[in-house]
Each structure stands twice: as structure tokens, then as C-alpha cells.
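Observations on chain architecture
The residues making up each chain are set out below.
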Amino acid sequence: WVDGIPLSSTKYFPLEVLVDAGVYLGRMCHAFDELATSDASALELSKRYHAWDGRNLVDVMRYVEHIDDLERRKLVTSVIATFRQVILDGGEGNKFRMGINHADFNDANIIVSDDDHSGLRVAGAIDFGDTVYRYV
């Protein structure tokens, strides 16, 4: 349990909360690195297919036809094609660091609180169901 509320439930928050979220995500990344080196089963469990893994981006092409705006559809198709050409097929992805990653770190899964009355701070993260081994 993490005391607080989802960041998405706040009407206003200072920019420092986003900085705090980035720091928290960095700490989580280091904790996942430690987990991967200390628990082989955790690392193996994280190596599964997931659509949020950038290596699987081209799999979303089947959904592009549902984008009604033709210009936006062309833009999405172009981005996916370039990603495939440069990152996947061109080998640039091999240069990226790989690791276990939360993969769904967004304002609905970032919990904030003001326990010490000094302003909103990140208290934790929830929803680890999309955690996967991927580019970090």
C-alpha cells in the first residue's frame, strides 16, 4: 500500500513534482538492476512479450488503420517505419541498455502525497503488471 493519491487526480502540481517523478523512476531503475543481478528468476520472468516493449513497436501497425485522421495516420506510419529501419533493422537498438522496467510509469500510476506539509512529493508507484525487460 502506498499512502497518497494518483498524480492524475491532482488539479495542479508544481514542476518540481515531475522532477521528483524522474528521480523516483531513476531510483526504481537502479532497484530493478539490483533485482536482475540478485534474482535470476525475476530477470527471466521479466523477459516476456509485451506491447510496451519498444522492440515490439511494429506490432501496433495493425491498429493504425483505426486512426481516422489521414495526416495523423501517415505520421504514425512514418514514425513506425523509421523506428523499424533505424532502431530494429539498422541495429541502433543494440546500443541501448536493456533492463527490467516499470513500463507503465504515468500520472495514473505515480502516487503523490503531502505528508510533511512541504508540498506534493512522489510517495511511490503502483501497477507493476506491465513490468518487462526492455530498452531502459
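The paragraphs below set out a description of the structure included in this document. (Residues numbered from 1 in each chain as written. Predicted model: local features only at pLDDT ≥ 70, side-chain atom pairs only at ≥ 80, totals over all residues. Heavy atoms only, no water.)

**Let's talk about the overall build of the protein chain**
Each helix and strand in the protein chain was counted, giving four helices and five strands. Across the protein chain, helices and strands are ordered from the amino to the carboxyl terminus as β-α-α-α-α-β-β-β-β. Each principal axis of the C-alpha atoms in the protein chain carries an extent, and together these give about 50 × 45 × 20 Å. Taking all 136 residues of the protein chain together, the buried fraction comes to 30%. Restricting the contact set of the protein chain to residue pairs at least 6 apart, pairs at least 24 apart contribute 70%. Here the protein chain has roughly 9000 Å² of accessible surface; of this, 56% comes from carbon and sulfur atoms. Side-chain charges of the protein chain comprise 14 positive and 22 negative groups, with the mean position of each set lying 7 Å from the other. (Helix = DSSP H or I, 4+ residues; strand = E, 2+ residues; numbered from the N terminus. Buried < 20%, exposed > 50% of the residue type's maximum accessible area, 1.4 Å probe, protein only. Contact = heavy atoms within 4.5 Å. Areas by Shrake-Rupley, 256 points an atom, 1.4 Å probe, with all protein chains shown as cover. Lys, Arg positive; Asp, Glu negative; His and termini not counted. Charge placed at Lys NZ, Arg CZ, Asp CG, Glu CD.)

**Side note on the sheet that holds strand 1 (residues 5–6)**
The antiparallel open sheet is built from three strands, whose spatial order is 1-3-4. Of all the strands in the sheet, just strand 1 and strand 4 (121–125) have a single pairing partner and so form its edges. For strand 1 and strand 3 (residues 110–113), the ladder comprises two bridges, and the chain directions are antiparallel. Bridge assignment links Pro6 to a residue of strand 3, and that residue is Ile111. (Pairing = 2+ DSSP bridges.)

**Section: the packing of aromatic side chains**
Counting across every chain of the model gives two aromatic pairs. Geometrically, the ring pair formed by Phe32 and Phe128 is edge-to-face, given 6.3 Å between the ring centres and 70 degrees between the ring planes. Of this pair, Phe32 sits in helix 1 (residues 15–38) while Phe128 is found in the loop between strand 4 and strand 5 (132–135), placing the two residues 96 residues apart along the sequence. Under the relative-accessibility criterion, Phe32 is labelled buried at 12%. Relative to Tyr135, the ring of Phe96 lies with its centre 5.0 Å away and its plane at 90 degrees, an arrangement referred to as edge-to-face. Taken as a pair, Phe96 in the loop between helix 4 (70–89) and strand 2 (98–101) and Tyr135 in strand 5 lie far apart in primary sequence, 39 residues in all. Residue Phe96 is classed as partly exposed on the basis of its relative accessible area of 36%. In this structure Tyr135 comes out as buried when scored by relative accessible area, which is 15%. (Phe/Tyr/Trp six-rings, centres within 6.5 Å; stacked < 30°, edge-to-face > 60°.)

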